[in-house]
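The primary structure of each chain is shown beneath.
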Amino acid sequence: MRTMKRVAAVALSVVVLMTSGVSAKAAVTDVQPAKSSSEAVLKWAKKVGEPFDEKTYANNTVSKIKLVGNYLYVADDAKHRIMKIDKKDGTILKEQKYCDESYIQGYVSSIGYGDGKVYVGYDNGRVQAFDENTLESLWITDENKNAINSDFVFTNGKLYFGTTAKTTDWYDNGAPFSYYVVTTSDDDKTKPDEEKTMKKVVESKTGKFYLKKGVVLGKYIVISDTAGTLTMIDTTNDKVTDTKDIGEAFSGNITYDEMTGTIYFVAGTNDLYGIKVSADGKLKDEKKVRLYETGYSSTTPEVYNGKVYVSGSKGKAFQDKGYMAVADVSSDKYKVNYTVELSNYSQCEPTIVKTGENSVRVYFTINDEPGGIYAIEDSKDATSATLETVYEPTGDIKNTGCMSDVVVDEDGTIYFANDSKYIMSVGKKVEDTKKPVTKTVKSTRSVKLTWKKKKSAKGYVIYAKAGKGKYKKVTTVGKKTSKTIKVNKDSSYKFKVKPYKLTKKNKKKYFKAYAAKAKFGSKTVKVTFKNVTGYSSYKVQMKAGKAAYKTVKTTTKGGTITYTKKKAKVGTTYKFSLKGINKVNGKTVSVTIK
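Residues numbered from 1 in each chain as written. Predicted model: local features only at pLDDT ≥ 70, side-chain atom pairs only at ≥ 80, totals over all residues. Heavy atoms only, no water.

Looking up the chain in an unreviewed UniProt entry gives the name Outer membrane protein assembly factor BamB, with the organism given as Anaerostipes hadrus.

1. Some words on the overall build of the chain
Secondary structure summary: the chain contains one helix and 49 strands in total. Taking 25 Å as the expected radius of gyration for a compact globule of 594 residues, we find that the chain reaches 32 Å, considerably beyond that expectation. Buried positions account for 54% of the 594 residues belonging to the chain. The contacts of the chain with a sequence gap of at least 6 include a subset with a gap of at least 24, amounting to 57%. For the chain, the accessible surface area stands at approximately 26500 Å², while carbon and sulfur atoms represent 46% of it. Each charge class in the chain was averaged separately, 105 positive and 65 negative side chains, and the resulting centres sit 27 Å apart. (Helix = DSSP H or I, 4+ residues; strand = E, 2+ residues; numbered from the N terminus. Rg over C-alpha atoms; globule rule 2.2 N^0.38 Å. Buried < 20%, exposed > 50% of the residue type's maximum accessible area, 1.4 Å probe, protein only. Contact = heavy atoms within 4.5 Å. Areas by Shrake-Rupley, 256 points an atom, 1.4 Å probe, with all protein chains shown as cover. Lys, Arg positive; Asp, Glu negative; His and termini not counted. Charge placed at Lys NZ, Arg CZ, Asp CG, Glu CD.)

2. Some thoughts on the pattern of salt bridges
Under the counting rule described, the total for this entry stands at 22 salt bridges. Put simply, Asp115 and Lys117 hold a salt bridge, and the shortest N to O gap is 2.8 Å. A relative accessible area of 8% means that Lys117 is categorised as buried. Taken together, the salt bridges that share partners define one network made up of Asp76, Arg81 and Glu95. (Salt bridge = Lys/Arg side-chain N within 4 Å of Asp/Glu carboxyl O.)

3. Considerations on the sheet that holds strand β21 (residues 255-257)
Strands sit in the order β21-β22-β23-β24 across an open sheet of four strands; the sheet is antiparallel. Whereas interior strands pair on both sides, the edge strands pair on one side only; in this sheet they are β21 and β24 (283-290). For this sheet, the mean angle separating the axes of adjacent strands, direction not counted, is 25°. In terms of strand pairing, β21 meets strand β22 (residues 262-267) through three bridges, oriented antiparallel. Bridge assignment links Asp257 to a residue of β22, and that residue is Thr262. (Pairing = 2+ DSSP bridges. Axes fitted to C-alpha atoms, helices over the stretch in contact; angles between N-to-C directions.)

4. Section: unusual backbone geometry
Across the junction of Glu369 and Pro370, the peptide omega takes the value 10°, indicating a cis bond. Along the chain, Pro370 turns up in the loop between β30 (359-365) and β31 (373-379). For Asn156, which is not a glycine, the phi torsion comes out positive at approximately 50°. Here Asn156 shows up in the loop between β12 (153-155) and β13 (158-164). For Asn506, which is not a glycine, the phi torsion comes out positive at approximately 65°. Among the structural elements, Asn506 can be located in the loop between β41 (493-502) and β42 (508-510).

5. Re the nonpolar core
Tyr363, Ile373, Tyr391, Ile414, Phe416 and Val426 are the most contacted members of the largest nonpolar core, which totals 18 residues. When residues of this core are traced back to their parent elements, those giving at least two are β31, β32 (388-391), β34 (414-417) and β35 (422-428). Here this core takes three residues from β35, the largest share from any one element. The residues touching Tyr363, leaving out its near neighbours within four places in the chain, are Pro33, Ala34, Lys35, Pro350, Thr351, Val353, Ile373, Tyr374, Ala375, Val390, Val406 and Ile414. Residues Val525, Met542, Ile561 and Tyr563 belong to the second largest nonpolar core, which totals 17 residues. (Core = buried A, V, L, I, M, F, W, Y, C linked by side-chain atoms within 4.5 Å.)

6. Brief notes about the sheet that holds strand β18 (residues 220-224)
Adjacent strands of a sheet form backbone hydrogen bonds with each other and so pair up, either parallel or antiparallel. Sheet architecture is open: four strands sit in the order β17-β18-β19-β20, paired in antiparallel fashion. Two strands lie at the open edges of the sheet, namely β17 (215-217) and β20 (239-245), each paired on one side alone. This sheet shows a mean twist of 25° between the axes of neighbouring strands, independent of strand direction. Strand direction decides the pairing type here: strand β19 (residues 229-234) and β20, joined by six bridges, are antiparallel.

7. What to know about the packing of aromatic side chains
This model, assessed by the stated rule, comprises 20 aromatic pairs. Taking 5.9 Å as the distance between ring centres and 65° as the angle between the ring planes, the aromatic pair formed by Tyr296 and Tyr345 counts as edge-to-face. Of this pair, Tyr296 sits in the loop between β24 and β25 (302-304) while Tyr345 sits in the loop between β28 (335-342) and β29 (351-356), and the two are 49 residues apart along the sequence. By the burial criterion, Tyr296 is buried, and Tyr345 matches it. One aromatic cluster is present, formed by Tyr119, Trp139, Phe152, Phe161 and Tyr180 through successive ring pairs. A cation over an aromatic ring shows up here: Lys454 above the ring of Phe511, its NZ or CZ 4.9 Å from the ring centre. (Phe/Tyr/Trp six-rings, centres within 6.5 Å; stacked < 30°, edge-to-face > 60°. Lys NZ or Arg CZ within 6 Å of the ring centre and 35° of its normal.)

8. Some remarks on the environment of Ile376
By the secondary structure assignment, Ile376 is in strand β31. Placed 13 residues apart in sequence, Ile376 and Thr389 show a C-alpha to C-alpha distance of 9.0 Å. Residues in contact with Ile376, not counting those within four places in the same chain, are Met324, Val326, Tyr338, Val340, Val360, Arg361, Val362, Phe364, Ala385, Thr386 and Leu387.

9. Digging into the side chain of Asn124
For Asn124, the location among the structural elements is in the loop between β8 (117-121) and β9 (127-131). Polar contacts involving the side chain of Asn124 include one to the main-chain amide nitrogen of Arg126, which spans 3.4 Å. Beyond its immediate chain neighbours, meaning those up to four positions away, Asn124 contacts Tyr103, Glu143, Asn144, Asn146 and Lys166. (Polar contact = N/O pair within 3.5 Å; in protein donor to acceptor, adjacent residues only side chain to side chain.)

10. Comments concerning the domain arrangement of the chain
Assigned domains of the chain: these are domain 1 (437-519) and domain 2 (525-593). Of note, the centres of domain 1 and domain 2, computed from C-alpha atoms alone, are 34 Å apart. Every contact between the two is made by 13 residues of domain 1 and, on the other side, 16 residues of domain 2. For the domain 1 and domain 2 pair, buried surface summed over both sides reaches about 1100 Å², with 58% attributable to carbon and sulfur atoms. Here domain 1 is connected to domain 2 by zero salt bridges. For the pair domain 1 and domain 2, the interface holds six residue pairs in polar contact (both at pLDDT 80 or more). Secondary structure elements with two or more residues in the side of domain 1 that touches domain 2: β36 (439-442) and β37 (444-450). If you tally residues by element for the side of domain 1 that touches domain 2, the top one is β36, at four residues. Looking at the side of domain 1 that touches domain 2 residue by residue, the classes come out as three nonpolar, five polar and five charged. (Domains from an automatic or database assignment. Buried area = accessible area lost by both parts, 1.4 Å probe. Nonpolar A, V, L, I, M, F, W, Y, C, P; charged D, E, K, R; others polar.)

11. Considering the pairing of β41
Sheet topology note: the strand β38 (residues 459-466)/β41 ladder contains eight bridges and is antiparallel. Looking at the pairing, Ala464 lines up with Phe495 of β41. Here two bridges tie β41 to strand β43 (residues 514-515), and the two strands are oriented antiparallel to one another. When the sheet's bridge partners are listed, Lys496 is paired in β43 with Ala515. Taken together, the three bridges between β41 and β42 define a ladder with antiparallel strand orientation.

Structure follows, in structure tokens:
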């Protein structure tokens, strides 16, 4: 596979110094994956394609991974199929052939999702939609003379994508290339090969949309071509609202910081740009800083809490070292806090895991042997970081190339693939995960007891009788004449105390018992969860008897979480469960902690 990448890199670098750029998602999450090789464990590895063959060239292409709920979707040119894979164990649950078995994907193809459909783009310029449940074909677009080889963006019932040269035409510029839109509705459900017409939105005169990804900003999409032209598109009418030429080759992709209304990307000689976007879809003020004085970057940044994380090459692809840069963009003047040297450069979009109020762990792959997962720790005032190995494959799944994003699910399991054509699932070792369990508690009622003081008494023994039952000892107290206790039956109670004094031999000598007054308080039930970590917030849920669970408490503090229900029915069994809440790929995910 490395041979093919070098051929492609040489051909493309003539025009734009581009080898590839990968972007699949905005990746900031609260879940905590394995943080080092001592924690990481390979849960499963599934082969989904065939090794590179010089004769077939791109026919061995395997698409990026698309995680949707409990399933992974991936397309494979070796068998001309799309697959639905169970994320728990790697089982291929369903597979479906391409519309035509002569079709192939472009080099490092994307796979899209939206509107209950999975999308695959082909080298002959067509896009096919499959049902996410059955994988049956729903429609296919009309043909374009150029290859579909960008990331897909779905929004408001529309699918956006761009074109580049076909796999066999690396040395042919083939301009102009275009960016298109197609509605995703299945208009004729009787035809699995219903042909839909794609609409041209943008045409690039000098660049391509090779591996490019549009970014949704409300009702707008911003897209770039490889020549350095940014275009804003209003998705309500698919009209261009603004363009901006940065004057530098632009191989990577864009990320967006909603808090500041700024897009970030790297172009030219490792120049990190920040451009403000106005509410009316205009590209405004521009700032930039050079991350490294030589080389380039064709990757996608990630931004969080005033910092941008992005990788680049210090020189030539696959020959020179790479770097992971941490840049401060919180002030008017951007600055590079530090860079971490890599054996090659990372060609994925980093995944940011929040580990504290002002600290993160940055996960990424490196396009070099053995094709594994790595991370750095960064905090508010950090000036350096150490490269940490999270997981490195061995044997058949070891490979010299890896451009995969690090996809993290709501449980903290990592999914990725390298050029071995294996998809891997990497989790935490069981012994490293301590989680509380569901609690079952019977409700109680508080009772405040008071009684007359007995002279010379050293203490009192408290007795209680429920209904017509017998008196039973509850507890012993010292010289005080009041005590709050709890009862666990919804019944009438009587209470008495028996004073005592101590003999010379330190033995108790009891006086006659007498009644204690009782003031009944609230009927309560209390639950406690201990050692709770790994989530941004928590929900305590409760059910009384056979009733359904409902949320009774929400908190952002972990550690020990308690909840007390007042006015409970005494003697009723209450069940409590704890849910952890995190943001995963921009979505709120709730997980029952067990």
